[in-house]
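# Chains, contacts and geometry: an overview
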Amino acid sequence: MNQPENHKAGPLRRTSLAIGLALCLFGTGAMAQSTTGSIYGQAQAGDTVLVKSNTGVTRQVTVDAAGRYVFDSLPLGSYTVTLQRDGQTVDSRADVTMRVGSGTEVSFGAHNVQSLAAVTVTANGLPSIDVSGVDSRTVITSQQLARLPLARSAEAIALLAPGVVSGSSLFVNALGGSVVSFGGASVTENAYYLNGFNTTDPLSGFGGITLPYGAIDQQEILSGGYGAAYGRSDGGVISQVGKRGTNEWHFGGQIQWTPKDLNADPKNWYYVNKDGSQGKLRQYRKDNKSWTTTASAYVGGPLIQDKLFLFAAVEAERRQGESTGSNVAPFVDHYRYDNPKWYGKLDWNITDSNILEVTAASNKSSYQGTYNEFDYATLTEGGFNSYDTHTKNGAEVYSAKFTSYITDDLTASVMYGKMKGTWYSNTPGYDPTYPYIFTAADANPDFATPHNSQTVSTINLPGHRSTNTNLRLDLSYRLGDHTITGGIDNQDVNNIDGGTKFPDAGLGYAWEYNTMDDDPDAYIIGGPGTAQPGADWHNSPWVANTGSQPGGETGYYVARYRYHDNASVRVKQRAQYIEDSWQINDRWLVKLGLRNDQFTNYSAAGKPYVRLTSPQWAPRVGFSWDVNGDSSFKVYGNAGRYYLAMPTSVALRAAGSSLYTREYYTYTGIDQNGIPTGLHPIETYLGDGAPVSANGEYGQPRDPKTSASTNLKSEYQDEYILGFDKKLGDAWVYGAKATYRNLRNAIDDIADSPSIVAKMNRMGIDPATYDVSQIPGSILINPGNTSYFDIPKLGGGYYTVPMDWTKDFGFNTTMKRKYYGLNLYLEHPFDGKWFGKLDYLYSRSYGNSEGQVRSDIGQEDVSATMDWDYATLMDYANGALANDRRHQIKAYGSYQVAPEWMLSGNLAIASGGPKTCLGAYGPNGTYPGLGYGPYYHFCNGQPSRPGDQRLPWTYRLDLSAEYRPEWAGKKLAFNVMVYNVFDKQTTTQTYPVSTSSSYLRPYSSMTPRYVRFGVSYDY
């Protein structure tokens, strides 16, 4: 918020029941986040088509008068599709495997032949273009996952899809893993699903709970265009469907090992001198290596043949290694991560018309570390210093889905589930003697670099936990060429005892060093010449210049920093939807949908501080045109609006009782423990050395009526997609897709309380009738719009203060985030020998608002970033956004070299992201407004727009080989993977503050080469 923080089924009845969920003749009810697929096609009118899966599901329909049939909402699996006439088998297709949320065409033609001899073929030659889909998705199957050289995570799989890029390494998901960005959106705007249950991080939206890698049947990566049944994402969707038991028992296991000795040496990181040359060593990294061992096992099969099935999987990953900190945190962390996962699923075909699916899954991650001293003068490791904060985080998911085929045309499904999270941390042997030191690199270089043995700043509250309850009800009714679907999608999220604090046994504060970049006359906050025209700068928060006190003659100062936030908060989300899938004729499908979302965020006191319950209509329109009528050429498109709720963490500071203060001093020395000496308090608008909170956070409970503008609206984005898929000969498919996204409304906070006071003065409101300190320093708003604030009266009640965006707040720009992209692809589906896909994407993500978080400075305060806090911060902010990658090339595939040998590869090439340069404001280097520090879009006195400079291109090639010997019946396999074959370690993000000695030093770089060995057995 504001200024960046310094803490881290048995046989079913033989009728046309399968049509009950059909959204059209060739369309399907399976949408994004679905766990099913469909089979459709053409045959002779009056014939019968029968499908039977390896999970005991059998369905039968009669081909209609137009020669068409469809089976919808089929559980994923391998099917045999049989054409029958007069009770005799005419033709069949074996091994028909569906993709989640998609339709698979199996056509038999007119069949005027008189012979009834059965003909059976495999499904390899089936059409590869799904003409029933109108959205933009990539589906990766378990067979592909077993072949491709990938890191074992949902995010690594998602990176195969066009338009998905790695998020900043300054962000991690709830369990410490990486995050990704879809189509220019921020990393918290995605949704995660596991067997249809929403597992998105309930705290802040960073990632979600996922399956053990070997339990993934299919992962659906949706980058836009999904139907009205789903929402709460304006980034992308990662939806995983787990494996299920079949009518045959299978079991197996795998062990994978990534040895430390074969890891490439990470490159050391250096400071960058002002002339661009390499400076002194910032971080010694050559020994920053680890080994990883992963063991997994699974079993699946029928508990009752054709009736009740079980699948269960476990995975245990351990990573152990060491990491040397920077020269301002000279410790070697000897760490260990344990990441166990498990998954179980029961499928019960209760009757011919009722199916029950029960899912349970768990993700956990524990960390423990020991810090040893490290001497940068000799680059040698010393003895024990302390224990790092140990963490145990995780969540468990339990859900059940009941589907009932009430009639041939009416189907109902109900899903209910709950996710329980635990977020525990503890620091064994915590030594409270010394305070933590922040930004030691910005201390006065005339003294020793501040350093002590303290490695702990703030910790999470020990009782932190969360719950996420999801209830869905979906009804589908087919009426002629129309299929009407509707339902509710309700979710309740609780964040219990959330927040952070300084350890109870400690001093309760940290020291934070800083510099005014050799300008001792500039005020640290505010000061002369920083107010709006006609206003008195004394009426705004200010902290005097360093030159007014001894030790500050060169602009160096230090702040005693205190912080804590804690609350139990919740978010209630409700949604209703209706959608009509209309098969206009044999070739045209149109989907018309409408969704209404409602969001209510509750404060620590249990009162709503944001109530967005007025209709939030989200129309969704899509079409699919089967140009030639034979699934060889599809043109499709869609347009839709997508709303996004704020997660629970927003309330911790916006509607809690947070403390966030600094006491400012100059100093004349630094002792051997990094503590400043010779302190002289710097004058502030509250008094010499008085605690100052730029955000008005002094530990007082927030009045929920003052947390947000009274006319606040939800964040939403409009999206438009147009594309085509076309067969090229019998073995290839190519296509193109154009995407345009426009973030129409966002939520962030504003901190400019002085401008609110100035407006109240202009309104003639008596200053004696209200308390200025009760005007929050952070209020949620819609950037670019006029806001209405409730300001408490001393005698009770509230003043309503309208704040015009330009006239009252002084902004000269409005919120903008736009994305457009053109994707070209060429694909060779697997033919038993090889498969491959090549994607090229040209895209542009630009504007002045990345979204809910801010990557360039690692600010993870969702919907409460530094952006928009006051006007001058946003001058020259318009440019390339953090997740912009202008050119992306992705290629992956595998080749069966010989019956026992398979080779696979994954290539990723991308142009560099924007490089940010931040500094003091204007050519004179001032700190106007609230004067947070050098976070204005100026670099060395000149305007600096994001993207004026670019980081270098990145190139990465991963290769793998698998040997599956005939002598073991191909049940045993040995594999090896080499990640980043050429060991490219290109810098991917740099420190952006130009006034700091750390400017341009690497924040992150590509992962060095490593080698992973594996052996597996599948029976």
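Described in the following lines is the structure provided in the data block. Because the structure is predicted, anything quoted here is derived from the model rather than measured. (Residues numbered from 1 in each chain as written. Predicted model: local features only at pLDDT ≥ 70, side-chain atom pairs only at ≥ 80, totals over all residues. Heavy atoms only, no water.)

Scanning the protein from N- to C-terminus turns up four helices and 61 strands. Rg of the C-alpha trace for the protein: 30 Å, near the compact-globule value of 31 Å for 1019 residues, within the 12% margin. Expressed as a percentage of its 1019 residues, the buried residues of the protein come to 61%. When the accessible surface of the protein is totalled, it reaches about 37300 Å², and 53% of it is carbon and sulfur. (Helix = DSSP H or I, 4+ residues; strand = E, 2+ residues; numbered from the N terminus. Rg over C-alpha atoms; globule rule 2.2 N^0.38 Å. Buried < 20%, exposed > 50% of the residue type's maximum accessible area, 1.4 Å probe, protein only. Areas by Shrake-Rupley, 256 points an atom, 1.4 Å probe, with all protein chains shown as cover.)

Here we come to the environment of Leu303. As for its position among the elements, Leu303 is in strand β19 (residues 290-304). Here the alpha-carbon distance between Leu303 and Cys917, two residues 614 residues apart in the chain, equals 62 Å. Residues contacting Leu303, with those up to four places away along its chain left out, are Trp249, Leu308, Phe309, Leu310 and Leu346. (Contact = heavy atoms within 4.5 Å.)

Attention now goes to the state of the cysteines. Summed over all chains, the structure comprises one disulfide. Paired by a disulfide, Cys917 and Cys939 hold their sulfur atoms 2.0 Å apart. An S-S torsion of about 70° defines the bridge between Cys917 and Cys939 as right-handed. Here the residue Cys917 occupies a position in the loop between β53 (914-915) and β54 (938-939), and Cys939 occupies one in strand β54, the gap between them amounting to 22 residues. The exposure classification of Cys917 matches that of Cys939, with both residues buried. (Disulfide = S-S within 2.5 Å.)

What follows covers the pattern of salt bridges. Across all of its chains, the model carries 42 salt bridges by this definition. With its nearest N and O atoms 2.4 Å apart, the salt bridge here joins Lys345 to Asp347. A relative accessible area of 3% places Lys345 in the buried class. Accessibility expressed as a relative area gives 2% for Asp347, which makes it buried. Residue Arg956 pairs with Asp958 through a salt bridge whose shortest N-O separation is 3.0 Å. What makes Arg956 buried here is its relative accessible area of 18%. Each of Arg232, Arg472, Asp474, Asp489, Arg595 and Asp597 takes part in one network of salt bridges that share partners. (Salt bridge = Lys/Arg side-chain N within 4 Å of Asp/Glu carboxyl O.)

In most cases, non-glycine residues show a negative phi, while peptide bonds are predominantly trans. Positioned with a positive phi, Asp86 is a non-glycine residue whose angle comes to about 55°. Looking at where Asp86 falls in the secondary structure, it is placed in the loop between β5 (78-85) and β6 (88-97). In this model, Tyr876 sits at a positive phi of 65°, which is unusual for a non-glycine residue. Along the chain, Tyr876 turns up in the loop between β49 (834-847) and β50 (879-880). Judged by relative accessible area, which is 35%, Tyr876 ranks as partly exposed.

Side chains of Trp249, Phe251, Val299, Leu303, Ile304, Leu346, Val358, Tyr1017 and Tyr1019 sit close together on the surface and give an oily, nonpolar patch of about 790 Å² of accessible area. Considering each element in turn, the nonpolar patch owes the most residues, three residues, to β19. Residue placement: Leu346 occurs in strand β21 (residues 331-351). (Patch = residues over 30% accessible without salt bridge, like charges linked within 9 Å, V, L, I, M, F, W, Y side chains within 5 Å.)

Moving on, we come to the packing of aromatic side chains. Scanning the model with the defined rule gives 54 aromatic pairs in all. Ring centres of Tyr337 and Tyr367 lie 5.0 Å apart, and the angle between their planes is 45°; on these two criteria the pair is classed as tilted. Linking Tyr337 in strand β21 with Tyr367 in strand β22 (residues 354-375), this pair joins segments that are 30 residues apart in sequence. Residue Tyr337 is classed as partly exposed on the basis of its relative accessible area of 26%. A centroid spacing of 5.4 Å and a plane angle of 80° characterise the contact between Tyr523 and Trp537, whose relative ring orientation is edge-to-face. Of this pair, Tyr523 sits in strand β31 (residues 523-525) while Trp537 sits in the loop between β31 and β32 (543-545); the two residues are 14 residues apart in sequence, bridging distant segments of the chain. By relative accessible area, Trp537 is classed as buried at 16%. A network of ring pairs unites the aromatic residues Tyr870, Tyr876, Tyr921, Tyr927, Tyr932, Tyr936 and Phe938 as a single cluster. The aromatic ring of Trp269 is capped on one face by Arg285, whose charged end is 4.0 Å from the ring centroid. In this structure, Lys726 packs its charged tip against the face of Phe633, placed 5.4 Å from the ring centre. (Phe/Tyr/Trp six-rings, centres within 6.5 Å; stacked < 30°, edge-to-face > 60°. Lys NZ or Arg CZ within 6 Å of the ring centre and 35° of its normal.)

The three strands lie next to each other as β4-β1-β7, forming an open sheet whose pairing is mixed. Since the sheet does not close on itself, it has two edges, and those belong to β4 (68-75) and β7 (103-105), each with one partner. Direction aside, neighbouring strands of the sheet carry axes that sit 20° apart on average. Both strand β1 (residues 36-42) and β7 contribute to a ladder of three bridges, which runs parallel. Paired with Ser38 across the two strands is Gly103, which belongs to β7. (Pairing = 2+ DSSP bridges. Axes fitted to C-alpha atoms, helices over the stretch in contact; angles between N-to-C directions.)

For the rest of this paragraph, the subject is the sheet that holds strand β12 (residues 191-194). Strand order in the open sheet made by the five strands is β9-β14-β15-β12-β13, with mixed pairing throughout. Edge positions in the sheet fall to β9 (136-141) and β13 (197-198), since each of these pairs with one other strand and no more. Pairing of β9 with strand β14 (residues 216-224), which is carried by six bridges, proceeds in the antiparallel orientation. Following the sheet pairing, Arg137 is matched in β14 by Leu222.

A few words now on helix α4 (residues 753-762). In terms of burial, α4 is a largely internal element, seven of the 10 residues being buried. Among the residues of α4, Ser753, Pro754, Ser755, Ile756, Val757, Lys759 and Met760 are the ones counted as buried. Against the buried residues of α4 lie β45 (779-781), β46 (787-792) and β47 (798-803). In the stretch just after α4, Gly764 is the one whose phi turns positive, near 80°.

Moving on: the nonpolar core. Ile524, Val543, Tyr664, Ile682, Leu873, Tyr932 and Tyr935 are the most contacted members of the largest nonpolar core, which has 31 residues in total. If you list the elements that add at least two residues to this core, you get β31, β32 and β33 (556-583). For this core, the leading source of residues is β31, giving three residues. With residues up to four places along the chain from it excluded, the contact list for Ile524 reads Met516, Val543, Ala544, Thr546, Tyr557, Tyr664, Ile682, Tyr927 and Gly931. (Core = buried A, V, L, I, M, F, W, Y, C linked by side-chain atoms within 4.5 Å.)

Another point: the side chain of Arg1001. Mapping Arg1001 onto the fold places it in the loop between β59 (987-990) and β60 (1002-1005). There is no salt bridge for the buried Arg1001, and the closest opposite charge comes from Asp442, which lies 8.4 Å off by N-O distance. If near-sequence neighbours (up to four positions away) are discounted, Arg1001 is found in contact with Tyr270, Tyr271, Val272, Arg282, Gln989, Thr990 and Tyr991. (Lys, Arg positive; Asp, Glu negative; His and termini not counted.)

Turning our attention to the pairing of β46. With five of its six residues buried, β46 lies for the most part within the structure. Examined bridge by bridge, β46 and β47 share six bridges and lie antiparallel to one another. Looking at the pairing, Tyr788 lines up with Pro802 of β47. Here β46 hands over to β47 after five residues, with Gly796 in that stretch at a positive phi of 105°.

Moving on, we get to the pairing of β14. Across the nine residues that make up β14, a large majority, nine, are buried. Sheet topology places β14 next to strand β15 (residues 237-242); six bridges connect them, and they run antiparallel. The residue of β15 that forms the bridge with Glu220 is Ser239.

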